[in-house]
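Coordinate inspection notes
Here are the chains, one letter per residue:
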Amino acid sequence: MAAERTATGILSVDRLLGGGLETDSITEIYGEGGSGKTLFCLEVAVRIARAGKWVVYIDTEGVSVDRLRAIAGPDLERLLERFLLSSPKSLEEQGRAVATACALVRDGKRPVGLIVVDSGTFYYRLSLSGPDEDDARQALSLTVADLVATALQSGVPALFTNQVWRSMREGTLEPLGGSFLNHAAKTILRFDRLSGNRRRVVLVKHRSLPEGTAEFRITSTGLDGGGPG
Ligand code: GTP
Ligand code: MG
């Protein structure tokens, strides 16, 4: 049976994804700084809130209201009433925020349409190569497992952004988060910077679609994935 999709509203990406985000699993986005991960999450979140659903947004970057306003326009205050925003200050707090979000989705009192964790690996990265690395890996895995189970049970898609490291040997940008995240996310997208405001989206992994690419442009009001067709 084909998985249900939630459209992102960015047409090129929706075409690449066969209609949108799969609702019963996690979509991971990784890419270098400035590749558009946060803008993408904000754009999808605004679309979901505009459609009348709630958005649980776990933000480790200090999301800017000005950026949100640029995307949401004059509707912002009304849409923010359906945003459940939390700003964890450590990996532990991030885990608690995700657990709270998952409980809220599962209890079904509010119609949640999306969970966002951006950046999902900011605090994890801080622990790498330190004495807490193993604990951090385990904490991140538990958090991701919570999201996987919730998406599967509730049909609420989760967007999880991931930072990158440069492999000197291969000369490539690789996602953090280890192999657990790589398996747990059923859709994996890589965002690449092209010239100017253009960005490429590479479909690295999907359960039912071949690898492929799409493009969007960053504009003053969000992301433009081109017209239909
Ligand atoms: P990291 O969180 O650093 O890994 O980057 P990211 O992939 O989340 O990139 P983000 O979405 O924050 O930014 C993408 C691009 O959007 C940046 O390179 C900027 O060119 C542009 N940008 C950042 N802030 C704004 C803004 O307020 N308005 C507009 N129009 N563009 C912005
Ligand atoms: Mg970001």
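Report on the accompanying structure. This is a predicted model, so every value here is computed, not measured. (Residues numbered from 1 in each chain as written. Chains lettered and ligands numbered in written order. Predicted model: local features only at pLDDT ≥ 70, side-chain atom pairs only at ≥ 80, totals over all residues. Heavy atoms only, no water.)

What about the packing of aromatic side chains?
Put simply, the rule is: Side-chain rings of Phe, Tyr and Trp (the six-membered ring for Trp) are treated as a pair once their centres are within 6.5 Å; stacked means planes under 30 degrees apart, edge-to-face means over 60, and tilted covers the remaining angles. In DSSP terms, a helix is any run of H or I states spanning at least four residues, a strand is any run of E spanning at least two, and both are numbered starting from the N terminus. Accessible area is worked out with a 1.4 Å probe on protein chains only. A residue is then buried under 20% of its type maximum, exposed over 50%, and partly exposed in between. Our definition puts a charge over a ring when NZ of Lys or CZ of Arg is within 6 Å of the ring centre and also within 35 degrees of the ring normal.
One pass over the structure, following the stated rule, counts four aromatic pairs. Between Phe40 and Phe191, the ring centres sit 5.4 Å apart and the planes meet at 80 degrees, which makes this aromatic pair edge-to-face. Taken together, the residues span a long stretch of sequence, with Phe40 in helix H2 (residues 37-50) and Phe191 in strand S10 (residues 185-193) at a distance of 151 residues. Side by side, Phe40 and Phe191 carry an identical accessibility label, which is buried. Taken together, Phe40, Phe191 and Phe216 form an aromatic cluster joined through their ring pairs. Taking NZ or CZ as reference, Arg110 lies 4.6 Å from the ring centre of Trp54, over its face.

Some points on the coordination of the magnesium ion (ligand 2)
So the rule is basically this: Distances up to 2.8 Å from the metal define which N, O and S atoms are donors, and 3.2 Å serves for Na, K and Ca; water is absent from the atom set, so sites may look incomplete.
Looking at the metal site, the magnesium ion (ligand 2) is ligated by Thr38 (OG1), Glu61 (OE) and Glu61 (OE), spaced 2.0 to 2.6 Å from it. With Thr38 in helix H2 and Glu61 in the loop between strand S4 (54-59) and helix H3 (65-72), this pair connects stretches of sequence that are 23 residues apart.

Some thoughts on the nonpolar core
The line we're drawing: Joining through side-chain atoms within 4.5 Å is the link that ties buried Ala, Val, Leu, Ile, Met, Phe, Trp, Tyr and Cys residues into a set, and such a set is a nonpolar core. Working rule for contacts: check all heavy atoms of both residues, and any pair within 4.5 Å makes them a contact.
Judged by nonpolar contacts, the single largest core of 33 residues is most densely connected at Phe40, Leu114 and Leu159. Top element by residues in this core is H2. It accounts for nine residues. If sequence neighbours within four positions are ignored, Leu159 has contacts with Leu21, Thr27, Ile29, Phe40, Cys41, Val44, Leu114, Ile115, Val116 and Val117. Among the nonpolar cores identified, the runner-up in size contains 29 residues, and Ala97, Val112, Ala158 and Ala185 belong to it.

Limitation: the analysis is restricted to geometry and does not speak to function.
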